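The primary structure of each chain is shown beneath.
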There are 2 protein chains.
Amino acid sequence: MGAGYSSLCLSTFTHHHSFPLTAFHCKTKSKSNFPFNPIYKDRSFNNPLRRIAYFPQPIRFSGCELPSKVGTLKCGKVREMESQEGVAAITNPMRDLETVDEDLVQQMIYDALVWSSLHGLVVGDKNVQRSGRTPGVGMVHAPFALLPLSFPESYYSQACELAPIFNELVDRVSLDGNFLQDSLTRTKKVDAFTSRLLDIHSKMLEINKKEDIRLGLHRSDYMLDEHTKLLLQIELNTISCSFPGLGTIVSELHRSLLIHYGEHLGLDSKKIPGNSSVSRFAEAMAKAWTEYNNPRAVVMVVAQSEERNMYDQHWLCSLNNTYNVTTIRKSLAEIDMQGELLPDGTLLVGGQAVSVVYFRAGYAPSDYPSESEWSARLLMEQSSAIKCPSISYHLAGTKKIQQELAKPNVLERFLDNKEDIAKVRKCFAGLWSLDDAEIVSKAIERPELYVMKPQREGGGPIFLIFTLPFFLLFTIIYIIHWWEHCFRTRFRYFISGNNIYGEDVRETLLRLKKEGSEEDAAYILMQRIFPSESLAYLMRDGVCHKDQAISELGIYGAYLRSKDKVIMNEQCGYLMRTKISSSNEGGVAAGFAVLDSIYLT
Amino acid sequence: MGAGYSSLCLSTFTHHHSFPLTAFHCKTKSKSNFPFNPIYKDRSFNNPLRRIAYFPQPIRFSGCELPSKVGTLKCGKVREMESQEGVAAITNPMRDLETVDEDLVQQMIYDALVWSSLHGLVVGDKNVQRSGRTPGVGMVHAPFALLPLSFPESYYSQACELAPIFNELVDRVSLDGNFLQDSLTRTKKVDAFTSRLLDIHSKMLEINKKEDIRLGLHRSDYMLDEHTKLLLQIELNTISCSFPGLGTIVSELHRSLLIHYGEHLGLDSKKIPGNSSVSRFAEAMAKAWTEYNNPRAVVMVVAQSEERNMYDQHWLCSLNNTYNVTTIRKSLAEIDMQGELLPDGTLLVGGQAVSVVYFRAGYAPSDYPSESEWSARLLMEQSSAIKCPSISYHLAGTKKIQQELAKPNVLERFLDNKEDIAKVRKCFAGLWSLDDAEIVSKAIERPELYVMKPQREGGGPIFLIFTLPFFLLFTIIYIIHWWEHCFRTRFRYFISGNNIYGEDVRETLLRLKKEGSEEDAAYILMQRIFPSESLAYLMRDGVCHKDQAISELGIYGAYLRSKDKVIMNEQCGYLMRTKISSSNEGGVAAGFAVLDSIYLT
């Protein structure tokens, strides 16, 4: 499998860097330098503020289970590592097309490529310079899986049920300004980006800015953990959730393929759940626009000036037309130049009143290359326009806040319904501080079940500048075996972002124990997620790659509140993404991700 | 205007050769070497067998009209050069966006590009190597006009009414094997391609092959002649009529734009006539498949192995799915390799019985690089599969046959209804032999109203090999003014294909008169069409070009006959194409064409 991936990498994608699935690693790359796949400007696979590290390499050991009961810890969270009953093995038998006639598979591949081209399942091609700026040029089909992923219906329902609860949770957390500020105090010191967001948030607290109409278009991402048989949350995205458009279309592609080929494959197209994310998001935006109550006001999409995933955004915005809502598209720099605030709080951009600001940029440090962009963000925040998300919603989606929510009795501050609290807690992965001797002992004994993460947030793009030379230097050094132990540790530290995996967890824990220093406060231990693997046919750039893959389920949620009235609080479709799970020896997974859909089992 | 085009050519399309609109010139280029625009593999703008030469350069002279009455001539046709009454000036006021806010125009351009990307209005990009083979890669929006073309409803109705008549005419002509053979005898001697088609046709006559089920998917192309105010037929395509798919989508694009922007532009989206060409063609194919009465048989698209206009074809074929008809796609070479004929006449390709053969290749000499392709063509012709077109239908669409039909009393052999005959005759352009002294005198007097064409058909791709060096050589010679008169004539002869225009018509006629040789039998005189010009916004490669343009209207017709029963004989939507009409001094027009739609006035 690993070799298979290597050969794929070397022969087909020699110019693509492999990348690890773990969130912290992604932080070491600036968005603009992210070379392997332009469409993953999405916040979930590359989100620097990801909550949970997961690790796709299937480590084969028998009889291994996570501790069944873990006590309450100072900085940790309380959760029973129960295993879900009645859960079928998370396998994907339908993916195995080996028994299907090769000609039929080739025909399916061809038809899928044609279908995607005719139905707007496209992205900009990174090899064409203008493809990120000019629509209609340099298009290539979006990467997609040839067939949907078998997914147990019970897990899917569980994820869907969580959507309105998380919608509500984000709203409640966003209203507690002090909670956000206090929780992010430490982060502020080490992370310049979050610090700037907090500054804006502070200013809003100072002027007592209220958001009467609040619009949230979120996506909560999950993985099925093979060891615990639990659906575990990877992260909650509250800004710039990508693929409501293309995700919907991939479901339609798969339905179309199964209508045509289902009989040969023994599959039923009706088992692909309806996916209405794009239409429901558009509906939520239109409702927000209606609430704002200025018929001449427009919806403004805050976009990156270079955006190869623009068609996903265009799908959503093109639906605005059906509501007779005019959409404009501006970069943060343009908003800084063209924006102004009227005394009554109305945001004007290029002379047009803006009712809803929909962010598809502004979530990463690289979106703010100068003070202009920060100034634009502040301007929008000060206005009466409905921000999707507001600065509070944005901060509520950070990893640090989600860590806080995982602490004992914190969820209870924001949610009333005990069942809801239990549901949310059930999808949180384990998180412990290092001052818990018991868990440290367990981790030394079974380091493969944990990930060590530094508490501090990473440093954005600057980190990359430091990382790459180090990476090269340490690689060379590693090769000549100079000061072997030290460098193996550090090398891995860099290539996996800030996370420490496997044998290095044991070594680091033993060293910290021996030194007895304060350094242990800088780390936390997290449960490592082992997503199930299955064979997948991944289409990219017109080529089909057959490989072992892991998948991540995103559930979209839309929330709209006007003063005391909840106008919309719903789950709105889903996004399945599948990724080649091949990994290298360094313990870092690599591969590329494609859009997928669900086949309920 | 000319300068505007030059700067466009030099700055934006330096690697694109300009090309003349005239058909004969196109014959001098092999398809595979046609560099400027990959999508015009279509038979109408580049068809080597085109019927009428038209000339887009607007020559401004006042009071000039074609002779109002021309007598019957030996090799000519009879037609009253009447001018149609009650016809509004063929202008295009809607195209003038000068009065519209520039921002709005830019927004329209952006929206149009987005719309085309999301709705499959795409072609393969010639700059991407795989774009002609692999669907889903290297896509770019199809060239399109930003707004529909104002077109008088009376002309549109006239063209629509002609469709079923031409459908019937082609069918009747196809049944008269001797007429086809006799008419093409002279052509056979000079044109190797037509000669090969005739050989197949002869073989079918010899074995008395009957086509019980006959399917015709035609497109008749017209231009509005500004001088005579007549709708004149440019050619009738009976094989590989392109753009039923993308043409339909362009109408939808324009409708969508006018729904959104119509109010600002003072335009009504309802004035764009419905365009159902793709669905009606699919319906005709499905009905033919039903008539063949083998539920397991497939529809086979004969495609070029490299086809950047594949999405137009895929639109049509994807509709076959809705009729539960399986479509396969093969090149002529593949058919030669995988095809076989069962004793009962069934055509098997790759083991699959073929009910309908739909040609989107096989219309040009370059489609037959070896004997294999001819062998495949013969195999299909011998089979019981429904050929769209059969060899007879194919030959019935050649320019030579259309010349024959223009002769006195020929239409009467095939059509019964006098009104139909009058309608068809009315759309034929003037065509005379040189032994008519009166018309020769008129042409010497007013050479700008005629085109001189050699009688013989041209020589296919080999001509290109000779043409290019000559072109270069003569250009140099022309520059140094060596033997000026002779070379000016010959130079123009080459660069405009075989056609002679303008002052050269006079010179050649005077020379022939003086020499009194037999050479005049080698030429015919044709009425030159002066299409009206209007300002257009042409979108190509993400860039909008504003320029004077001329347009050509294609009307699709579907015909299906099973034995003595006509199952379908209908007009099926339309195709408008618009082309920059800039021309150079040498009297050769150059520019590029885009897909367009109609705005009825």
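Residues numbered from 1 in each chain as written. Chains lettered and ligands numbered in written order. Predicted model: local features only at pLDDT ≥ 70, side-chain atom pairs only at ≥ 80, totals over all residues. Heavy atoms only, no water.

## Topic: the overall build of chain A
- Within chain A, the secondary structure is distributed over 20 helices and 20 strands.
- Looking at chain A residue by residue over its 601 residues, the buried ones come to 64%.
- Within chain A, counting contacts between residues at least 6 apart in sequence, those at least 24 apart form 78% of the total.
- Here chain A displays about 22,000 Å² of accessible surface, and carbon together with sulfur accounts for 52% of that area. (Helix = DSSP H or I, 4+ residues; strand = E, 2+ residues; numbered from the N terminus. Buried < 20%, exposed > 50% of the residue type's maximum accessible area, 1.4 Å probe, protein only. Contact = heavy atoms within 4.5 Å. Areas by Shrake-Rupley, 256 points an atom, 1.4 Å probe, with all protein chains shown as cover.)

## Things to note about the interface of chain A and chain B
- Taken together, the contact pairs 31 residues of chain A with 31 residues of chain B.
- Taking both sides of the interface into account, the surface hidden between chain A and chain B amounts to around 2,400 Å²; carbon and sulfur atoms contribute 61%.
- Interface area lost by chain A to chain B is led by Tyr110, Leu118 and Met139 of chain A, which between them contribute 26%.
- Summed over the shared surface of chain A and chain B, the result is 2 salt bridges.
- In this structure, Asp541 of chain A and Arg130 of chain B form a salt bridge, with 3.4 Å as the shortest nitrogen-oxygen distance.
- Counting the contacts that link chain A with chain B gives 15 residue pairs in polar contact (both at pLDDT 80 or more). (Buried area = accessible area lost by both parts, 1.4 Å probe. Salt bridge = Lys/Arg side-chain N within 4 Å of Asp/Glu carboxyl O. Polar contact = N/O pair within 3.5 Å; in protein donor to acceptor, adjacent residues only side chain to side chain.)

## Concerning helix 16 (residues 418-426) of chain A
All names here are of chain A.
- Every buried residue of helix 16 is accounted for by Ile421, Val424 and Arg425. The buried side chains of helix 16 occupy one side of the element, clustering within an arc of 95 degrees when seen end-on.
- As for helix 16, its buried residues are in contact with helix 4 (153-175) and helix 15 (411-414).
- The backbone nitrogen of Glu419 has a side-chain oxygen 2.7 Å away, supplied by the residue at the start of helix 16, namely Asn417. (Arc of directions from axis to C-beta.)

## Points about helix 17 (residues 437-445) of chain A
Residue and element names in this part refer to chain A.
- Of all the positions in helix 17, only Ile439, Val440, Ala443 and Ile444 are classed as buried. Down the axis of helix 17, the smallest arc covering the buried residues is 140 degrees, so these residues share one side. Set apart from the buried face of helix 17 by more than 90 degrees, the exposed residues are Ala437 and Glu445.

## With respect to the pattern of salt bridges
- Counted by the stated rule, this structure contains 50 salt bridges over all chains.
- In this structure, the salt-bridge partner of Glu412 of chain A is Arg425 of chain A, at a minimum N-O distance of 3.2 Å. Taken together, the residues Glu412 of chain A in helix 15 and Arg425 of chain A in helix 16 connect sequence positions 13 residues apart.
- Taking the relative accessible area as the measure of exposure, Arg425 of chain A reaches 17% and is therefore buried.
- A salt bridge links Lys442 of chain B to Glu438 of chain B, with the shortest nitrogen-to-oxygen separation between them at 3.6 Å. Taken together, the residues span about one helical turn, with Lys442 of chain B and Glu438 of chain B both in helix 17 (residues 437-445) at a distance of 4 residues.
- Its relative accessible area of 45% is what places Glu438 of chain B among the partly exposed residues.
- A network of salt bridges, in which partner residues are shared, links Glu168, Arg172, Asp416 and Arg561 of chain A.

## A few points about unusual backbone geometry
- For the bond from Cys388 of chain A to Pro389 of chain A, the omega torsion is 10 degrees, close enough to zero to count as cis.
- Note that Pro389 of chain A resides in the loop between strand 12 (386-388) and helix 13 (391-396).

## Re the relation of the copies chain A and chain B
- With an RMSD of 0.1 Å, the fit of chain A onto chain B corresponds to turning through 180 degrees and sliding 0.0 Å along the axis. The two molecules are tied by a two-fold rotation axis, judged by turn and shift. Residue Met139 of chain A of chain A places its C-alpha closer to the rotation axis than any other residue of that unit, at 2.4 Å. (Least-squares fit on C-alpha atoms with pLDDT ≥ 70 in both.)

## Here's the deal with the pairing of strand 7 (residues 298-302) of chain A
Residue and element names in this part refer to chain A.
- Across the 5 residues of strand 7, 5 count as buried, placing the element largely inside the fold.
- Judged by which residues are buried, strand 7 turns out to be covered on both faces: Val298, Met300 and Val302 on one side and Val299 and Val301 on the other are all buried.
- As paired strands, strand 7 and strand 11 (residues 352-359) are joined by 5 bridges and run parallel to one another. Across the sheet, Met300 pairs through a bridge with Val357, a residue of strand 11.
- Here strand 7 runs beside strand 8 (residues 327-330); their pairing, made up of 4 bridges, is parallel. In the sheet register, Val301 faces strand 8, and the bridge partner there is Arg329.
- After leaving strand 7, the chain enters helix 10 (residues 310-320) and then returns to the sheet as strand 8, a path that is right-handed. (Pairing = 2+ DSSP bridges. Right-handed = clockwise from strand over helix to strand, strands pointing away.)

## Brief notes about the environment of Gly397 of chain A
All names here are of chain A.
- Within the secondary structure, Gly397 is located in the loop between helix 13 and helix 14 (399-405).
- Of the residues examined, Gly397 reaches a relative accessible area of 1% and is grouped as buried.
- Distance from Gly397 to Val170, taken between C-alpha atoms, is 7.5 Å for residues 227 residues apart in sequence.

## So, the environment of Ser116 of chain A
Residues and elements named next belong to chain A.
- Within the secondary structure, Ser116 is located in helix 3 (residues 102-118).
- In this structure the C-alpha to C-alpha distance between Ser116 and Val140, which are 24 residues apart in sequence, comes to 9.3 Å.
- Those residues in contact with Ser116 that sit more than four places away from it in its chain are Leu121, Val122, His141 and Phe144.
- Engagement of the side chain of Ser116 in a polar contact is seen with the backbone oxygen of Leu113, the distance being 2.8 Å.

## Describing the packing of helix 8 (residues 244-265) of chain A against helix 10 of chain A
Residues and elements named next belong to chain A.
- The contact between helix 8 and helix 10 brings their axes to 6 Å, and the two run at 90 degrees. Between helix 8 and helix 10, the angle is such that the two are roughly perpendicular. Only Asp312, Trp315 and Leu316 of helix 10 make contact with helix 8, whose side of the interface consists of Pro244, Gly245, Leu246 and Ile249. (Axes fitted to C-alpha atoms, helices over the stretch in contact; angles between N-to-C directions. Parallel < 35°, antiparallel > 145°, perpendicular 65-115°, else oblique.)

## Quick look at the confidence of the model for chain A
Residues and elements named next belong to chain A.
- Summary statistics for chain A give a mean pLDDT of 79 and a share of 74% for residues scoring 70 or more.
- A low-confidence stretch, residues 456-464 (pLDDT under 50), is modelled with 29 contacts involving residues beyond four sequence positions or located in other chains.
- Low pLDDT, under 50, characterises residues 583-590; the stretch is placed with 25 contacts to residues that sit more than four places away or in other chains. (pLDDT = per-residue confidence, 0-100.)

## A look at the side chain of Ser174 of chain B
- Inspection of the secondary structure assignment puts Ser174 of chain B in helix 4 (residues 153-175).
- Not counting residues up to four positions away in its chain, the partners in contact with Ser174 of chain B are Leu180, Ser392 and Tyr393 of chain B.

## Description of the packing of aromatic side chains
- The full count for this structure, using the stated rule, is 13 aromatic pairs over all chains.
- Arranged with centres 5.7 Å apart and planes meeting at 85 degrees, the rings of Tyr156 of chain B and Tyr574 of chain B form a pair that is edge-to-face. You can see Tyr156 of chain B sitting in helix 4 and its partner Tyr574 of chain B sitting in strand 18 (residues 565-580), a full 418 residues away along the chain.
- You can call Tyr156 of chain B buried: its relative accessible area is 9%.
- Assessed through its relative accessible area of 0%, Tyr574 of chain B is described here as buried.
- Ring geometry for Phe193 of chain B and Tyr368 of chain B: centres 5.8 Å apart, planes at 50 degrees, overall tilted. Of the two residues, Phe193 of chain B is situated in helix 7 (residues 192-206) and Tyr368 of chain B in the loop between strand 11 (352-359) and helix 12 (371-382); the sequence distance between them amounts to 175 residues.
- When its relative accessible area of 7% is taken as the criterion, Tyr368 of chain B is described as buried.
- Taken together, the aromatic side chains of Phe193, Tyr368 and Trp374 of chain A make up a single cluster linked through ring pairs. (Phe/Tyr/Trp six-rings, centres within 6.5 Å; stacked < 30°, edge-to-face > 60°.)

## Regarding the pairing of strand 17 (residues 543-562) of chain A
All names here are of chain A.
- The element strand 17 is extensively covered by neighbouring structure, given that 16 of its 20 residues are classed as buried.
- Two strands pair when backbone bridges link them, and strand 5 (residues 213-225) and strand 17 are joined in this way by 10 bridges, in the antiparallel orientation. Across the sheet, residue Asp221 finds its bridge partner in strand 17, namely Gly554.
- In terms of strand pairing, strand 16 (residues 534-540) meets strand 17 through 7 bridges, oriented antiparallel. Each residue of the ladder has a partner; that of Ala536, found in strand 17, is Asp547.
- Hairpin connection of strand 16 to strand 17: 2 residues between the antiparallel strands, including Asp541 at a positive phi of 55 degrees.
- As defined by bridge partners, strand 17 adjoins strand 18 (residues 565-580) across 13 bridges and the pair is classed as antiparallel.

## Considerations on the packing of helix 3 of chain A against helix 8 of chain A
Residue and element names in this part refer to chain A.
- Orientation of helix 3 relative to helix 8, taken along the N-to-C sense of each, is 155 degrees, at an axis distance of 11 Å. It follows from the interaxial angle that helix 3 and helix 8 lie roughly antiparallel. Viewed along their axes, helix 3 and helix 8 form a crossing whose handedness is right-handed. Each of Leu104, Gln107, Met108, Asp111, Ala112 and Trp115 in helix 3 lies in contact with helix 8, whose residues at this interface are Ile249, Glu252, Leu253, Ser256, Leu257, His260, Tyr261, His264 and Leu265. (Left-handed = near helix turned anticlockwise from the far one by under 90°.)

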